[in-house]
Amino acid sequence: MVVGVSLGASQIAAWGQTVTTLTLAQAEVMALKNHPRIVSAGLNAQAARKVVDQARSAYFPTLSANVTGADALEGSVVAAGALTTSSLSTRFASGMSLLQLVTDFGRTAHLVRSSRLRAEAADENVARIRTGILLEVQVAYYAALGSEAVRKAAQAALESRRLSLRQVTALSQSALKSTLDVSFAQVLVSEAELAVYQAESDVAESRARLAAALGLQRSQPFSLMDEPLPAALNPEMQALVDEALRDRPDLQLSRRNNEAAEEYAKAEGRLSYPTINLMGAAGAIPEHDSTLAHESYGAAGININIPVFNGGLFAARHAEAALRAQAANKDVQDLSIEIAREVQDAWLQANTTFRKLSVTAELVTQSNQALHLAQARYDAGLGSIVELNQAQLAQTSAEIDAASAKYDYMSARAALDYATGVLR
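Residues numbered from 1 in each chain as written. Predicted model: local features only at pLDDT ≥ 70, side-chain atom pairs only at ≥ 80, totals over all residues. Heavy atoms only, no water.

Here's the deal with the overall build of the chain
- The helix and strand inventory of the chain stands at nine helices and seven strands.
- Scaling as 2.2 N^0.38, a compact globule of 424 residues should have a C-alpha radius of gyration of about 22 Å, whereas the chain reaches 38 Å, well beyond that.
- Structurally, the chain occupies a C-alpha span of about 135 × 50 × 35 Å along its principal axes.
- Each of the 424 residues in the chain was classed as buried or not, and the buried ones make up 36%.
- For the chain, the share of sequence-separated contacts (at least 6 apart) that also reach a separation of at least 24 residues comes to 82%.
- When the accessible surface of the chain is split by element, carbon and sulfur atoms take 58% of a total near 23,300 Å². (Helix = DSSP H or I, 4+ residues; strand = E, 2+ residues; numbered from the N terminus. Rg over C-alpha atoms; globule rule 2.2 N^0.38 Å. Buried < 20%, exposed > 50% of the residue type's maximum accessible area, 1.4 Å probe, protein only. Contact = heavy atoms within 4.5 Å. Areas by Shrake-Rupley, 256 points an atom, 1.4 Å probe, with all protein chains shown as cover.)

Quick word on the nonpolar core
- Val137, Tyr141, Tyr142, Leu210, Leu214 and Leu224 are the most contacted members of the largest nonpolar core, which has 44 residues in total.
- Elements that contribute at least two residues to this core include exactly helix H2 (24-34), helix H3 (36-56), helix H4 (107-173), helix H5 (179-213), strand E5 (222-225), helix H8 (313-379) and helix H9 (385-420).
- Here this core gets 16 residues from one element, more than from any other, and that element is H4.
- Dropping the residues within four chain positions of it, valine 137 is found in contact with Leu24, Ala27, Glu28, Ala31, Leu210, Ala213 and Leu214.
- If you look at the next biggest cluster of nonpolar residues, it comprises 18 residues, including Val332, Val343, Trp347 and Leu357. (Core = buried A, V, L, I, M, F, W, Y, C linked by side-chain atoms within 4.5 Å.)

Section: empty space enclosed by the protein
- Summed over the entire model, instances satisfying the criterion amount to three cavities of 30 Å³ or more.
- Within this model, the largest cavity holds a volume of roughly 40 Å³.
- Per element, the largest residue contribution to the lining of the largest cavity is three residues, and it comes from H5.
- Split into classes, the residues belonging to the lining of the largest cavity amount to four nonpolar, two polar and one charged. (1 Å grid on protein atoms, 1.4 Å probe; cavity = no way out; pocket = protein on both sides within 12 Å on 5 of 7 lines; lining within 4 Å. Points joined across faces, edges and corners; volume = space filled by probe spheres on them. Nonpolar A, V, L, I, M, F, W, Y, C, P; charged D, E, K, R; others polar.)

So, the packing of aromatic side chains
- Taken as a whole, this structure holds three aromatic pairs when the rule is applied.
- Between phenylalanine 354 and tyrosine 409 the ring centres are 5.2 Å apart and the planes differ by 50°, which places this aromatic pair in the tilted class. Residue phenylalanine 354 is found in helix H8, and its partner tyrosine 409 is found in helix H9; the two are separated by 55 residues along the sequence.
- Residue classification places phenylalanine 354 among the partly exposed positions, given a relative accessible area of 40%.
- Between lysine 177 and the ring centre of tyrosine 378, over which it is positioned, the NZ or CZ distance is 3.8 Å.
- Taking the ring centre of tyrosine 273 as reference, the NZ or CZ of arginine 270 above it sits at 5.4 Å. (Phe/Tyr/Trp six-rings, centres within 6.5 Å; stacked < 30°, edge-to-face > 60°. Lys NZ or Arg CZ within 6 Å of the ring centre and 35° of its normal.)

Below is the structure:
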């Protein structure tokens with residue numbers, strides 16, 4: 001079954017496009033390809049992986065090229081403002097300097113693990129946004145189908161009431177019915193026209209929401225393919241909760257951020273540990289004064305940096321990181337509780353909308369029978385126009401409820417799939 005919005009020729013010409021068929025699967029592929037939100041998340045995930053390289057760079061040597069020129073008073077060696085030799089000699093020198101970390105007692109290792117976990121969290125964020133976009137597409141797609149089904153039901157009701165108005169008007173002109181009956185029939189036609197206008201507005205709004213979910217700036221003249229009803233609900237709600245707590249990408253994201261915070265806290269705890277570095281320098285001095293006896297230089301050494309006192313800076317940084325890690329752990333617990341509630345709410349909503357399917361179908365059958373009887377009574381002169389009008393209103397309401405019930409259930413199932421982490 002193909003469900004599509006009726007478009008005028010001027011609308012299609014304004015778009016400069018022809019009506020094309022769109023399935024739900026095609027809509028999902030289009031959204032994942034075009035939506036700027038998922039592209040942004042992917043770029044941020046790539047950036048997070050570069051942070052891992054930044055943290056790992058501490059393991060590798062730092063090699064620098066230096067070129068220095070100086071003009072000093074003959075015989076100058078030292079100057080005020082420094083405890084080390086100031087090298088106040090006239091020279092022009094070039095060379096290389098090397099710095100290699102030997103150990104910082106695990107700080108760099110923890111920083112690498114923290115950044116890697118944050119990169120994994122960024123990947124989980126991509127998955128989270130992906131599932132959110134898929135949910136938006138499905139809900140918007142079903143809403144568009146539902147609004148179109150409601151519009152068709154409202155249009156059918158309008159045509160039926162116009163037919164009744166013509167019949168009652170003809171009977172009134174033959175003096176078989178009163179003008180009051182004509183007035184009631186005209187009121188029903190006007191109400192049906194208002195219902196059609198509202199349904200057409202709802203169709204336009206739902207198409208705009210679908211376009212936004214697809215990552216498009218304006219609605220497109222798509223004919224939407226209908227979708228079959230999903231499989232029956234899993235009656236084991238706790239199994240769905242367990243599945244959500246295992247697979248939900250936003251919970252995985254929160255867990256990765258918690259683990260990253262814990263690793264970072266461990267790294268901050270290593271700030272008070274010594275740092276050992278190897279150093280080396282070598283080069284040439286083609287121009288120098290008489291205080292220098294060689295035309296080249298070279299040296300190697302080891303440096304041990306032992307933090308002694310810095311006003312409590314390192315202790316405060318460690319305490320801050322530890323507290324943030326504890327807060328992140330509580331965020332995971334809070335999100336787990338929220339997800340369990342979301343799954344239960346989504347299951348109950350899906351179950352309620354599923355039960356409405358059979359009720360609305362039965363209601364349509366009953367309202368059709370009631371309308372048939374009311375029409376027969378009215379034609380035989382046994383019933384009033386008020387009785388017929390009430391039957392027509394009940395039949396229209398039942399048709400609209402039935403038209404929207406299917407897509408309400410499918411939207412609720414999409415929300416349940418999202419809540420349980422099935423939607424990927």
